[in-house]
Every structure is written in C-alpha cells, then in structure tokens.
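Chain residues, written in single-letter form:
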Amino acid sequence: MSVTPAEPEAYLLLEGAGRRYPLNAGQSWAIGRGDGCAVMLDSRSVSRLHALIQRREGGDYSLVDLGSRNGCFVNGQRVSLPRILADGDRLAFGDQELLFRAARARAREAAPPGAAAREAPTAAIHMQSLATIVVVDIRDFSRLTRSVPEAVLAQTVGTWFLHVGQIAERQGSWARKYIGDAVMAIWVHDDPSLLAADIIRTLRAVDEIQAVTAAIHRQLPLPEPLRIGAGINTGTAIIGGGDNTALGEPVNAAFRLESATKELGLGVALGERTYSELHVSGDSPFVRREVELKGYESRRAVWAISFENLREFLKR
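In this report, we go over the structure that sits alongside the text. (Residues numbered from 1 in each chain as written. Predicted model: local features only at pLDDT ≥ 70, side-chain atom pairs only at ≥ 80, totals over all residues. Heavy atoms only, no water.)

### A few points about empty space enclosed by the protein
Over the atoms rolls a probe the size of a water molecule, and its path tells where empty space is left.
(1) Moving on: Considering all chains together, one arrives at one cavity of 30 Å³ or more under this definition.
(2) Moving on: Of the volumes computed, that of the largest cavity is approximately 40 Å³.
(3) Moving on: Secondary structure elements with two or more residues in the lining of the largest cavity: β12 (126–138), α2 (150–170), β14 (182–188) and α3 (195–215).
(4) Moving on: Partitioning the lining of the largest cavity into residue classes produces ten nonpolar, no polar and no charged. (1 Å grid on protein atoms, 1.4 Å probe; cavity = no way out; pocket = protein on both sides within 12 Å on 5 of 7 lines; lining within 4 Å. Points joined across faces, edges and corners; volume = space filled by probe spheres on them. Helix = DSSP H or I, 4+ residues; strand = E, 2+ residues; numbered from the N terminus. Nonpolar A, V, L, I, M, F, W, Y, C, P; charged D, E, K, R; others polar.)

Encoded structure:
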C-alpha cells in the first residue's frame, strides 16, 4: 500500500459507509456504540464498550475484547486474548465489519498447517486434568463506571486486561479468559511433581497483577487507585483447548473464593487443595477461615492472605 503524507499511519475503514477512523493520536482507541468511543458504531449488536485497540511499544496494534456481548472477530476467528493486528485484517464487532490498515504494521508469522488460532492455547484438549484456576476481579467496578467517562473506562479495562494477560502468560498460564471486569487464568499441571512450584507461580502472577493494577491510576485520570481481589483453587477440571474453556467444581469454587475476599477483608483466598500443596512450614501468613460460598450447602474452609503478606511470603 502506498502512503501519502495526508494518509494516516493506521486506521479502521468501515467500507460500506466509506468512513475512516484514524489511529494516530494517543495510545488506545475505544470501539463501541457509546458516547466517547473513538470508533463509534451505530448498531445494537455492538456493545456500548465493545473493544479496544492499543498501540504497543514497537508500533504494533493489538485488539482487546472488553467482555462484549457478541464478541470480536479477526478474519472470522473469535478473539479471546489480546491479538496483534496485521495490515489487511478484517475486524467484526457484532454485525459491523471494518478493515484494519497500517502502513508499518508488522507481518504476522505464518502459522504451520493445522496450527491453532494465534490467540488460542497451544496445548491439546485436556479431559479431567489437574489444574489451578485463578480468578482476578476489579473491586467496585460499578462505581467506577459511574465516575469516569466511557472512553477512560475502556482505556482502563483494556490496559488492565493487557497487563494481566502478559503477566499470566509469563508465569506459565496455559490460557486466559476475559469476562467483563474479571480475568480467569488457568495453569494445567501435567507434571504432578511440579505442582507446588506451579502454584507458587500463580501466586507470583497475582502479586504482579496487584502491583500493575495499583499503578494504572498514574497513567489514566482515575479518581483513585484500582483494587482487586483474587481467588485461587486447585482440582480436577475439564479443560478445552479451542475456546479456553475450563469447567467443573474447581472453576466454580475459584469464582466463589474471589467473591469471598470481600467478606474476608483480604486480597487473596485459596482453596484447601491449593494451600495444602504449598506445604507451608513455620508460621503461616495465611489465615484459615470458614465461609459460605454461593452454591455450596455447607461452609467451606479457605486460606486468606493480604497482598502485603503475600509479597513477604514470596520472598521466602
């Protein structure tokens, strides 16, 4: 594609209407039908805050789904994780399709025949696999939606998703899933002898996520620092490769544990199996509590810890 001085370096093109949305000024652009979105699409099939395009260090552009109702698609493939875009990619949001053009976008590496989609986990489908599920949720998100403009909210969520995904991947997560204002990350334990080490990596991921979350307000005009809660649970779950699916009691319990952190007044809650596999010796910084978890008939034992104490524990 030849580039003239008047042509934007990167843009989205709504071909039917002949409308261009330049991606030049700033580092991120919200996509949706809500006021304040840089790419405003007039369709009920598009969520008010549907997706976010971010310009990464080095010049690449990535697409982040913001938990939209109808999803985001690139060249017909659903986007579950932040996806780097290439010149000529076709992006679909509900019934709206746009063409991505970038003069200096990096070409994607060609995937080998039969390879999974770029954003899909590379592991094969696992049935009844031992896994640790981590659920991280932004605290008081509803209040945040009422206190900041939609464009700032989209930037906040998109930035947070991007950081969380990068941290979880670096710490060995097999897959990540983005759900509204929460992220679920999955660690599959193929080697039981490494289970304790794997769980330590999940704790390191949560510690790093807490640190980057607390710093986001320095980059964006937020009324106060963001806060999170995290639930971590280990058990046998059904893990699917193609769509990042994790099913079963360990997954449900991880979401309930995250919710229980609000009642406990601590940042992180571990299920019994997760805690026992850590083999904590000496004085434990974890506090044992019995709480009611939604969907369970009896109270369950959980092990909770503050983020400050978690960081100290990881220094041991």
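### Structural notes on the layout of surface pockets
(1) Moving on: Computed from the structure, the second largest pocket encloses a volume of approximately 320 Å³.
(2) Moving on: Lining the second largest pocket are 13 residues, with Gln-27, Gln-54, Arg-55, Arg-56 and Leu-162 sitting closest to its centre.
(3) Moving on: Of all elements in the fold, only β5 (51–55) and α2 reach the threshold of two or more residues within the lining of the second largest pocket.
(4) Moving on: With five residues, α2 is the single largest residue contributor to the lining of the second largest pocket.
(5) Moving on: Within the lining of the second largest pocket, the residues separate by chemical class into two nonpolar, eight polar and three charged.

### A few points about the pairing of strand β1 (residues 10–14)
(1) Moving on: The buried fraction of β1 is high, at five of five residues.
(2) Moving on: Burial along β1 is two-sided: the residues Ala-10, Leu-12 and Leu-14 and Tyr-11 and Leu-13 are all buried.
(3) Moving on: Bridge analysis of β1 against strand β11 (residues 96–102) gives four bridges, and the strand direction is antiparallel. Residue pairing for β11: Tyr-11 is matched across the bridge by Arg-101. (Buried < 20%, exposed > 50% of the residue type's maximum accessible area, 1.4 Å probe, protein only. Pairing = 2+ DSSP bridges.)

### A few points about the sheet that holds strand β10 (residues 90–93)
(1) Moving on: Strand order in the open sheet formed by six strands is β2-β1-β11-β10-β7-β8, and the pairing between neighbours is antiparallel. The open sheet has two edge strands with one neighbour each: β2 (19–22) and β8 (77–78).
(2) Moving on: In the sheet, strand β7 (residues 72–74) pairs with β10 via three bridges, with the strands oriented antiparallel. Across the sheet, the residue bridging to Phe-73 is Ala-92, located in β10.

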